[in-house]
Amino acid sequence: MDAAMVTALAALLGAPVAAAAAVYGTRGANRAAREGNLLTGYDSFSSKLMAERDKAERDQAAAEAKVATLELEVARLRLLVTQLGGTP
């Protein structure tokens with residue numbers, strides 16, 4: 001076999017190996033990108049959930065404070081009605 005024949009055989013055998021390596025490498029890169037997107041999406045989703053939870057807790061605290069204020073007002077008005085001779 002001369003050098004030209006060896007080069008041609010190496011090219012014929014090397015091309016499928018290079019193609020297989022490229023496919024395998026692309027699959028790995030795609031998997032890494034997909035997993036990266038998944039983690040980014042999960043972090044974003046978690047941040048949104050935590051922000052929503054914090055807002056709900058603030059809203060609940062405000063509602064509880066308003067209920068306490070209204071209960072005090074009801075108690076004051078009942079006392080006032082009783083002092084004026086009525087029955088609440």
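In this text, all values refer to a predicted model and were calculated from it rather than measured experimentally.

### Observations concerning the overall build of the protein
Helix and strand content of the protein: one helix and zero strands. Taken against the 2.2 N^0.38 rule, which gives 12 Å for 88 residues, the C-alpha radius of gyration of the protein at 37 Å runs more than 25% over that of a compact globule. Across its three principal axes, the protein shows a C-alpha extent of roughly 125 × 15 × 5 Å. Across the protein, the centroid of the 10 positively charged side chains sits 4 Å from that of the 10 negatively charged ones.

### Description of the pattern of salt bridges
Opposite charge on two side chains makes pairing possible when the charged atoms of those side chains draw close. For the coordinates displayed, the defined rule picks out three salt bridges. Residues lysine 55 and aspartate 59 are paired through a salt bridge, measuring 2.9 Å at the closest nitrogen-oxygen approach. On the criterion of helical spacing, the pair formed by lysine 55 and aspartate 59 is a turn pair, its members being four residues apart in helix H1 (residues 3-83). In this structure aspartate 59 comes out as partly exposed when scored by relative accessible area, which is 42%. In this structure, glutamate 73 engages arginine 76 in a salt bridge whose closest nitrogen and oxygen atoms are separated by 2.8 Å. Note that glutamate 73 and arginine 76 are positioned in helix H1 at a spacing of three residues, about one turn of the helix.

### Some details on a nonpolar patch on the surface
Nonpolar side chains collect at one region of the surface, where Leu77, Leu80 and Leu84 lie side by side and expose about 290 Å² of accessible area between them. Leucine 84 sits in the exposed class, given a relative accessible area of 71%.

### Some details on the environment of proline 88
Tracing the backbone through its elements, the reader meets proline 88 in the segment after H1. With 13 residues separating them in the primary sequence, proline 88 and alanine 75 have C-alpha atoms 10.0 Å apart. Each residue touching proline 88, except ones within four places of it in the same chain, is listed here: Arg78, Val81 and Thr82.

Calculation criteria
Sequence positions are assigned chain by chain, starting from 1 and proceeding in written order. Local features are withheld for residues below a pLDDT of 70 in this predicted model, meaning they are given only at 70 or higher, and side-chain atom pairs are given and counted only at 80 or more; totals for whole chains, interfaces and linings count all residues. No hydrogens and no water enter the side-chain calculation; it runs on all heavy atoms of the structure. For helices the rule is a DSSP run of H or I covering at least 4 residues; for strands it is a run of E covering at least 2, with both sets numbered from the N terminus onward. Every radius of gyration here is taken over C-alpha atoms, with the globule rule written as 2.2 Å times N^0.38, N being the number of residues. Under this rule, positive means Lys or Arg and negative means Asp or Glu; His and the chain ends count for nothing. Note on charges: their place is set at NZ of Lys, CZ of Arg, CG of Asp or CD of Glu. Definition used for salt bridges: Asp or Glu carboxyl oxygen within 4 Å of a side-chain nitrogen of Lys or Arg. Between buried and exposed lies partly exposed: a residue is buried under 20% and exposed over 50% of the maximum accessible area for its type, with that area taken using a 1.4 Å probe on protein chains only. Each patch groups residues whose relative accessible area exceeds 30% and which form no salt bridge, using 9 Å between like charges and 5 Å between nonpolar side chains of Val, Leu, Ile, Met, Phe, Trp and Tyr. Each accessible area is a Shrake-Rupley result for a 1.4 Å probe, and residues are judged covered by the shown protein chains and nothing else. The contact definition used throughout considers only heavy atoms, calling two residues in contact when any of these lie within 4.5 Å.

So yeah, pure geometry; function would need other evidence.
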